[in-house]
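# Secondary and tertiary structure notes
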Amino acid sequence: MKPVSKNLVLPALFLSLGLVLPFLTGQIPQIGQMLLPMHIPVLLCGLICGWQRGAAVGFVLPLLRSVLFGAPPFFPQATGMAFELLAYGLVVGLLYSLSRWHCLLALYRCLVLAMLAGRAVWGVVQTIQLGVSGGGFTLSMFLAGAFFNAIPGILAQLILVPAVMLALDRTGLVPFGSNRENAHEDASA
């Protein structure tokens, strides 16, 4: 696939996956909210397409899904998620691109840091949004929303994202386990 096509098609693929995956888990809202199905395509987009496209897909995805399907509700959920997912795509893509080695350890390091950054951004945005609208956002609300209720989704991300990256490495689509210079040389060949 030519680089220009790849730069357009892959982010569109991840955006489409993010729009569709919640339908698989959304039949039972409690499970769907806990599995965080929109997060996985954004993390993969940041890793595979780079931080710029990962951030763009992350920001657009919850807003577009809210406008098209009414879920998540636009304010404050979709708007808060837009900044959270932007941070996921940006941080995971940037850290992974700067990582000397593209191995499983580097992938997990980038993934965990991106997940923490995204949750911190979500907490700040929710505090601002709910403060401006007259509500409040407490520490217990943050901990419940960002960590305790999200444990199944966090585990799914820590299992599925590396599994997909390893599968893509085996097919030769995404170089994995080599240093940064060799990965760029392999991609340009």
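Everything in this summary refers to the structure shown in the same document. (Residues numbered from 1 in each chain as written. Predicted model: local features only at pLDDT ≥ 70, side-chain atom pairs only at ≥ 80, totals over all residues. Heavy atoms only, no water.)

### A short note on the nonpolar core
Ranked by internal contacts, the top residues of the largest apolar core, which has 34 residues, are Ile48 and Met165. Aside from chain neighbours lying at most four places away, what touches Met165 is Leu44, Leu47, Ile48, Tyr96, Leu107 and Val174. Formed by 5 residues, the second largest nonpolar core is a distinct cluster that contains Trp122, Phe137, Phe142 and Ala146. (Core = buried A, V, L, I, M, F, W, Y, C linked by side-chain atoms within 4.5 Å. Buried < 20%, exposed > 50% of the residue type's maximum accessible area, 1.4 Å probe, protein only. Contact = heavy atoms within 4.5 Å.)

### A closer look at the packing of aromatic side chains
What the rule picks out here adds up to 5 aromatic pairs. Ring geometry for Phe59 against Phe83: centres 5.4 Å apart, planes inclined by 75 degrees, an arrangement best described as edge-to-face. In this pair, Phe59 sits in helix α4 (residues 51–69) while Phe83 sits in helix α5 (residues 74–98), placing the two residues 24 residues apart along the sequence. Phe59 gets classed as partly exposed once you look at its relative accessible area, which sits at 29%. Using a relative accessible area of 37% as the deciding quantity, one classes Phe83 as partly exposed. A centroid spacing of 5.4 Å and a plane angle of 85 degrees characterise the contact between Trp122 and Phe137, whose relative ring orientation is edge-to-face. Note that Trp122 is positioned in helix α6 (residues 104–132) and Phe137 in the loop between α6 and α7 (139–148), a separation of 15 residues in sequence. By relative accessible area, Trp122 is classed as buried at 12%. Counting every residue linked through ring pairs, the aromatic cluster contains Trp122, Phe137, Phe142 and Phe147. The cationic tip of Arg65 hangs over the ring face of Phe23; the distance from NZ or CZ to the ring centre is 4.7 Å. (Phe/Tyr/Trp six-rings, centres within 6.5 Å; stacked < 30°, edge-to-face > 60°. Helix = DSSP H or I, 4+ residues; strand = E, 2+ residues; numbered from the N terminus. Lys NZ or Arg CZ within 6 Å of the ring centre and 35° of its normal.)

### Here's the deal with the packing of α5 against α6
Where α5 contacts α6, the two axes come as close as 8 Å, and the packing angle between them is 150 degrees. Regarding the angle of α5 to α6, the classification is roughly antiparallel. Seen from above, α5 lies across α6 with right-handed handedness. Here the residues of the contact of α5 with α6 are counted per class, giving 21 nonpolar, 5 polar and 2 charged. (Axes fitted to C-alpha atoms, helices over the stretch in contact; angles between N-to-C directions. Parallel < 35°, antiparallel > 145°, perpendicular 65-115°, else oblique. Left-handed = near helix turned anticlockwise from the far one by under 90°. Nonpolar A, V, L, I, M, F, W, Y, C, P; charged D, E, K, R; others polar.)

### Observations regarding unusual backbone geometry
In the segment running from Ala71 into Pro72, the intervening peptide bond is cis, with an omega of 0 degrees. Omega for the peptide link from Phe75 to Pro76 comes to 5 degrees, which places this bond in the cis form. Among the secondary structure elements, Pro76 is positioned in helix α5. In this structure, Leu36 is a non-glycine residue whose phi angle is positive, near 50 degrees. Summarising the element assignment, Leu36 is placed in the loop between α2 (29–35) and α3 (39–49). Classification of Leu36 as buried rests on a relative accessible area of 14%.

### Some thoughts on the side chain of Gln157
Structurally, the position occupied by Gln157 is in helix α8 (residues 151–171). With sequence-adjacent residues up to four places away left out, Gln157 is seen in contact with Leu36, His39, Ile40, Leu43, Leu111, Met115 and Pro162.

### Some remarks on a nonpolar patch on the surface
Together, Leu139, Leu143, Phe148, Ile151, Leu155, Ile159 and Leu160 make up a nonpolar patch on the protein surface, roughly 690 Å² of accessible area in all. If you list the elements that add at least two residues to the nonpolar patch, you get α7 and α8. Looking at the nonpolar patch element by element, the count peaks at 4 residues for α8. Looking at the secondary structure, you find Ile159 in helix α8. When its relative accessible area of 57% is taken as the criterion, Ile159 is described as exposed. (Patch = residues over 30% accessible without salt bridge, like charges linked within 9 Å, V, L, I, M, F, W, Y side chains within 5 Å. Areas by Shrake-Rupley, 256 points an atom, 1.4 Å probe, with all protein chains shown as cover. Salt bridge = Lys/Arg side-chain N within 4 Å of Asp/Glu carboxyl O.)

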